[in-house]
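# Observations on chain architecture
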Amino acid sequence: MSERFDCDNCKESLYGRKYIQAEDNPYCIPCYDSLFANTCDECKELIGHDSRELFYEDRHYHEHCFRCFRCDRSLADEPFTSQDDALLCNDCYCNEFSSKCVACDKTVMPGTRKLEYSGSTWHESCFICNSCQQPIGSKSFIPDKDDHYCVPCYENKFAPRCTRCKQALAKGGVTYRDEPWHKECFVCTSCKVQLAGQHFTSRDDSPYCLKCFGNLYAKKCEACSKPITGFGGGKYISFEDRQWHQSCFTCSRCSVSLVGAGFFPEQEEILCRTCNSNL
């Protein structure tokens, strides 16, 4: 007697019949399908051994069931995506979910590089400077109404220019006499110290720090010989062609303050009433 060769499940003889070896055991076709075949996620039927099976995210499909949920196109050899468990071809997905480029009005395909700004979307190659027409890409840009400019073009086209160096002011700066200046360009005419944020004055339309202005142009106190600038709320006394700081306006003999009091000039001196009476 010949050795038996039976299906491992139903025990029927496999001589002269098709069978499939699985887990080192032979199975007739019906038993193999019932034991090992997967169920199609679309039609809920078994995917037989002789059917092409497609697998996606723990789901199994007959080849003819693997189709776009919207247009019914076969996805077996097409790019596709999934939206809320529904399979969609790229065309249907883009029409329903993808943004359109505001420049060319074409769909921004999934996976392509894009730029989003102020609620709008562009293809990377469509987001260009309105002046030089070059793609801006990941570089800085400046919006102007509905237009966008790369920084060099914006500075050349719109930015004010520094009164001193004539270069563009992209941001910040100082305004003096209705003219724009870079902070580092707005300096004392004499010592070149930066004046931005500092007290300063001017002479003949040129700016000066207080120290230089006092040394160059202010009158000198008759008593201490230091400049009388009058800045910072400082008060001074003037008599004939002479000036004093308020704190320096004292009797030449006894040093009593003469501010608000009567005084008497005596040649180069100024005297209080008492000292004048003792002469």
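Residues numbered from 1 in each chain as written. Predicted model: local features only at pLDDT ≥ 70, side-chain atom pairs only at ≥ 80, totals over all residues. Heavy atoms only, no water.

Okay, the packing of aromatic side chains next. All chains considered together, the criterion is met by 21 aromatic pairs. Note on Tyr-176 and Phe-200: the rings are 5.7 Å apart at their centroids and 70° apart in plane angle, and the pair reads as edge-to-face. With Tyr-176 in strand S11 (residues 174-176) and Phe-200 in strand S13 (residues 200-203), this residue pair connects regions lying 24 residues apart in the sequence. Its relative accessible area of 9% is what places Tyr-176 among the buried residues. For Phe-200, a relative accessible area of 32% translates into the label partly exposed. Through a chain of ring-to-ring contacts, the aromatic side chains of Tyr-117, Trp-122, Phe-127 and Phe-141 assemble into a single cluster. (Phe/Tyr/Trp six-rings, centres within 6.5 Å; stacked < 30°, edge-to-face > 60°. Helix = DSSP H or I, 4+ residues; strand = E, 2+ residues; numbered from the N terminus. Buried < 20%, exposed > 50% of the residue type's maximum accessible area, 1.4 Å probe, protein only.)

Those residues of helix H2 (residues 90-97) that fall on the buried side of the exposure criterion are Cys-92, Tyr-93 and Cys-94. For H2, the secondary structure elements touched by its buried residues are strand S5 (80-83) and strand S6 (86-89). (Contact = heavy atoms within 4.5 Å.)

Not every positive phi belongs to a glycine, and Asp-72 is a case in point at roughly 70°. Along the polypeptide, Asp-72 turns up in the loop between strand S4 (59-62) and S5. Taking relative accessible area as the criterion, Asp-72 reaches 46% and is therefore assigned partly exposed. Positioned with a positive phi, Gln-267 is a non-glycine residue whose angle comes to about 55°. The topology assignment puts Gln-267 in the loop between strand S19 (264-266) and strand S20 (269-271).

Further remarks concern the nonpolar core. Core analysis: the biggest nonpolar cluster contains 15 residues, and Cys-40, Tyr-61, Phe-66, Cys-68, Leu-75, Leu-87 and Cys-89 have the highest contact counts within it. Those elements giving two or more residues to this core turn out to be strand S3 (53-56), S6 and H2. Once residues within four sequence positions are removed from consideration, Cys-68 is found in contact with Arg-73, Leu-75, Leu-87, Leu-88, Cys-89 and Cys-92. The next biggest cluster of nonpolar side chains, apart from the first, holds 13 residues, and it includes Cys-188, Leu-195, Tyr-208 and Phe-213. (Core = buried A, V, L, I, M, F, W, Y, C linked by side-chain atoms within 4.5 Å.)

We now examine the environment of Cys-65. Summarising the element assignment, Cys-65 is placed in the loop between S4 and S5. For the pair Cys-65 and Arg-161, spaced 96 residues apart in the sequence, the C-alpha separation amounts to 68 Å.

Relative to strand S8 (residues 120-123), strand S7 (residues 114-117) is paired through four bridges, and the arrangement is antiparallel. The residue of S8 that forms the bridge with Tyr-117 is Ser-120. Hairpin remark: S7 followed by S8, antiparallel, with two residues in the connecting loop; positive phi at Ser-118, about 55°. (Pairing = 2+ DSSP bridges.)

This part is about the UniProt feature "domain: LIM zinc-binding" (unreviewed entry) in the protein. Within the UniProt annotation, "domain: LIM zinc-binding" (unreviewed entry) is assigned to residues 38-98, 99-160 and 219-279. This span, residues 38-98, is 13% helix and 26% strand, and a straight line between its end C-alpha atoms measures 34 Å. (UniProt positions renumbered as here; feature names shortened; annotations may be inferred.)

Those residues of helix H1 (residues 29-36) that fall on the buried side of the exposure criterion are Ile-29, Cys-31 and Asp-33. In this structure, the buried side of H1 is in contact with strand S1 (19-22) and strand S2 (25-28).

Mapped onto the elements, His-60 comes out in strand S4. Assessed through its relative accessible area of 19%, His-60 is described here as buried. Separated by 3.3 Å, the side chains of His-60 and Asn-38 make a polar contact. His-60 has contacts with Asn-38, Thr-39, Cys-40, Asp-41, Ile-47, Glu-53, Leu-54 and Phe-55, leaving out every residue within four places of it along the chain. (Polar contact = N/O pair within 3.5 Å; in protein donor to acceptor, adjacent residues only side chain to side chain.)

All right, on to the pattern of salt bridges then. Considering all chains together, one arrives at nine salt bridges under this definition. Where Glu-12 meets Arg-17, a salt bridge forms, and the shortest distance between an N and an O atom there is 3.2 Å. Residue class for Glu-12 comes out partly exposed when judged on its relative accessible area of 46%. Owing to a relative accessible area of 33%, Arg-17 belongs among the partly exposed residues under this scheme. Glu-63 is the salt-bridge partner of Arg-52, the closest N and O atoms lying 2.8 Å from each other. Of the two residues, Arg-52 sits in the loop between H1 and S3 while Glu-63 sits in the loop between S4 and S5, which places them eleven residues apart along the sequence. In this structure Arg-52 comes out as partly exposed when scored by relative accessible area, which is 40%. By relative accessible area, Glu-63 is classed as partly exposed at 30%. Overlapping salt bridges, with partners in common, bring together Arg-52, Glu-63 and Asp-77 in one network. (Salt bridge = Lys/Arg side-chain N within 4 Å of Asp/Glu carboxyl O.)

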